[in-house]
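Observations on the three-dimensional arrangement
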Amino acid sequence: MQDILFLEHMIPLLQHMLVFLGLAYLFTKTPVFTALVDNSLTFPDKAIIYLVFSGFCILGTIFSEPSMLTDDAIANTRAIGAVLGGLLGGPVVGFLVGVTGGIHRVISMSSIHDPINFIDLACAAATTFEGLFAGCVHYYLSRKGKIETLFSPRFVGLVALVVGLGHVAIILLFGMLAGEWAVAWSLEKEIALPMLIANAVGAALIMYMIREQKKSCDELSSGAAAWRIADKTASIIYGHFNQESSRKIAEIIQQETRVGAVAITDRNRLLAFAGLGVDHHRPGSPISSEDTLKVIRENKVIFADGIRKTYQCRLKKSCTLGSALIIPLRDDANNEVVGTIKLYEPKNKLFRKINRKLGENLAHLLSGRILAGHYELQRELRIQDQYKILMAQINPHFLYNALTTIGHITGKQPDRARNLLHYLSDYFRKNLKTSDDTTTLGYELEHVESYLEIEKARFEDRLQVHIEVPEHLLAYSVPVFTLQPIVENAIKHGTSELLDAGIIKITCVEHHDSFTLTVEDNAGLYKKSTTNGIGLKIDERIKIRYGNLYGIDIQCEHEQWTRVNIHLPKNNKEQT
Amino acid sequence: MIRTMIVDDEPNAREDLEKKISADPEFDIIGTCANAFEAIRDINSKQPDVVFLDIDMPKISGIEMLSMLDKDSMPRIVFVTAHGEYAIEAFKKNAIDFLLKPVKSERLDITLTRLKENHQPQPVVTETFPTNLTFVPCYQGERYYLINIKEIIHAFSNPITGVHLVTGDSGQEEYQTNLPLKVFDDNSPLKRCHRQHMINPDYIKYIEKLDNGLGQIYTYGNHTIPVSRNFMDNFPSIA
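Overview of the packing of helix H4 (residues 78–89) of chain A against helix H7 (residues 153–177) of chain A
In helix packing, the relevant descriptors are the interaxial angle and the interaxial distance, both defined with respect to the helix axes. Residues and elements named next belong to chain A. Here H4 crosses H7 at 120 degrees, and the two axes come no closer than 10 Å. One finds that H4 runs oblique with respect to H7. Considering the relative orientation of H4 and H7, their crossing is right-handed. Taking contact as the criterion, the partners of Arg-78, Val-83, Leu-84 and Leu-87 in H4 are, on H7, Val-156, Val-159, Ala-160, Val-163 and His-167. The residue inventory of the contact of H4 with H7, partitioned by class, reads 7 nonpolar, 1 polar and 1 charged.

Structural notes on the pairing of strand S13 (residues 204–209) of chain B
Residue and element names in this part refer to chain B. Bridge analysis of S13 against strand S14 (residues 215–219) gives 5 bridges, and the strand direction is antiparallel. Opposite Glu-208, over in S14, you have Gln-216 as the bridge partner. Connecting S13 to the antiparallel partner S14 that follows it, the hairpin turn spans 5 residues, and Asn-212 within it adopts a positive phi of roughly 40 degrees.

What to know about the sheet that holds strand S12 (residues 561–569) of chain A
Residues and elements named next belong to chain A. Strand order in the open sheet formed by 5 strands is S7-S9-S10-S12-S11, with mixed pairing between adjacent strands. Lying at the two open borders of the sheet, with one neighbouring strand each, are strand S7 (463–468) and strand S11 (551–557). Ignoring which end each strand starts from, the neighbouring axes of this sheet average 15 degrees apart. Packed on one face of the sheet, helix H14 (residues 441–459) meets S7, strand S9 (502–510) and strand S10 (514–521) and runs near 165 degrees to S7. Sheet strands touched by helix H15 (residues 484–492): S7, S9, S10, S11 and S12. Its angle to S10, the strand with the most contacts, is close to 20 degrees.

Let's talk about the pairing of S11 of chain A
Residues and elements named next belong to chain A. By the bridge criterion, 7 bridges tie S11 to S12 in an arrangement that is antiparallel. What sits directly across from Ile-554, in S12, is Val-564. The turn joining S11 and S12, which pair antiparallel and follow one another in sequence, is formed by 3 residues; a positive phi near 60 degrees is taken by Glu-559.

What to know about helix H6 (residues 118–144) of chain A
Helix length check: H6 of chain A, at 27 residues, gives a terminal C-alpha distance of 38 Å against a target of 39 Å (1.5 Å per residue), a fit within 8%. Phi turns positive, to about 75 degrees, at Gly-145 of chain A, one or two residues after H6 of chain A.

Cut-offs used in this document
- Residues numbered from 1 in each chain as written.
- Chains lettered and ligands numbered in written order.
- Predicted model: local features only at pLDDT ≥ 70, side-chain atom pairs only at ≥ 80, totals over all residues.
- Heavy atoms only, no water.
- Axes fitted to C-alpha atoms, helices over the stretch in contact; angles between N-to-C directions.
- Helix = DSSP H or I, 4+ residues; strand = E, 2+ residues; numbered from the N terminus.
- Parallel < 35°, antiparallel > 145°, perpendicular 65-115°, else oblique.
- Left-handed = near helix turned anticlockwise from the far one by under 90°.
- Contact = heavy atoms within 4.5 Å.
- Nonpolar A, V, L, I, M, F, W, Y, C, P; charged D, E, K, R; others polar.
- Pairing = 2+ DSSP bridges.
- Expected span 1.5 Å × (residues − 1).

Laid out in structure tokens, this is it:
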């Protein structure tokens, strides 16, 4: 008897459930579905959740009506709507879904048997409880930052089971209060088990479907958006990662993803910013966020979701941005972080899961681009290098000055003029011998000395030169044309502008596995130029060859001295 | 004899030119200078007829130097340059002579012949060369300085020590310069208030009118500078 009764209730419940699953499946194919799984929880999204699951509740009641005409045993699947509504929409939505379902239950039943009996009220109360309870679970999980658990079917089934038990308890309680304990007991004995099973399994299955749909939806749309962005940015950063290209990329990403704001930084500065708060996030300013610096330092993603970990703008208290996803941009070739990309959402909006996935895709994409750009840049630089070196080798200005100087002194000091011609030919002979990329420090210094002999003849007592480089360092390798252009600049833009004697000092300091060549002048007239001077070229060339630890730095004490330090590794001693 | 000076920062270039010019007995080299600071001083004191002037020199170029010379006693200028790009067209238009380094004897002879026919000063045309002073070469003891004209509060000449420039917020810095006050009259915003005094109008706090048509300028640094009767018209606010 019990078995037959169980099946009698179970079979229609399973039918209802299948109808719900079908409806839910159709629903996941509509555009409103994305709002439902975004966690973004703005008002319209909540309204949609409310409407959809209230509808489920009402359907649950309607489906069960036919059986009620003949029997009071009201097995139904109203709980599925209430539980899912609460879990997805939070306490308020859950409560409202429950109340709506409950009221509908009372109204629709009251037309069948007047007056309203205790079971109608009990059912309304129980449904409201179900919605509210599930809503509270949502609230609790989101505070704990475990919102992902909501989408676990097993968890949803468990919640449905728990609220189902609550439902049973409420009906029994109402029965006791109404003095109709026996009726309530016999009713529950008959329908409690099938309802518990059907509602738990139904809710779990629907959530399973939602999760699967959401996953493919996330991947599809983030993939699609990433492709669109890839397409639009393709031509921009090919080659250089700088402020201008970053600005365009940030704007495209912000438009495509519709996040609150997008920022791109290099290791030290904000390169570009697009979206909310653009008034005080100024490109070119140093990075202010501790999190960003941490991302760069530790090469890992930081996600300040605005709940567990809040994001507060350091530049402006009233900044509306409340959550941030910070992803490192990696140059895999050198295994270093070259910058970050940051996606922001304002305080009143939660971070869309899809955008998190998208952000990671984007960082990957941009990292790849930077890498491609890096190689392109290297190739370009190598060509420019060759060109610059060629120019320096020919150096018509220097040749002109040298010949003029020799012309001036030929009559008066013919022997000296002959010597100078010797130095000049030595200088150009060494230029010709630079088919290799590197030479020894000793050879480079001889080259510089030939050059300086001619400049000394031109300026006479207005130029003094001191070269102090330890003997044992002369065998180390340096890229060709590293020293001579810097010495030439020190004279051209430095000492030649002095009224008194100019002094050029070339020194070398040895470190553990590197050494520093220093060219110092006593003019102190160095001005940071924005153009690509030969000094910058030499710096880039050293960095490409030996890495970012090496290169050139310039110190200047205005009208006192300028020091150009050339840092080079000691590892490769040339065979001489 | 044509009294000639050579100004060039390269010693060998200077010597070479000196040797070539002095081969002509009509030219008397009365001095050579290595930069514009020395040149201004020597031109003012020696008043040469002709100056061979290098353009590319430290701190003050030959062209800038022109605005620092008194128009009334300006010598005839022959530019000497290693850089053909220096406004050759402008030189041609104003018939100011120029020589390209290295100077060839044949080309120099043409210039020398021309100078022998006429070595009167040529007016320096303002459209060709900017004549507004932006920096003023001056010195304190042995050290040379370039002072921005805007920083100068007050300039005055002393019959023995020459022209002095006063700068600094409260007028505490004092430099000497080889530029005569006349040059400031012509080429700077400084205003003459006395035969021996000039004032930068930006630093005038107020002007007090005294008896017998004299006046007194008070600067923001609370220095007082006399205004003589003849120059009262330069300051319409009290005239």
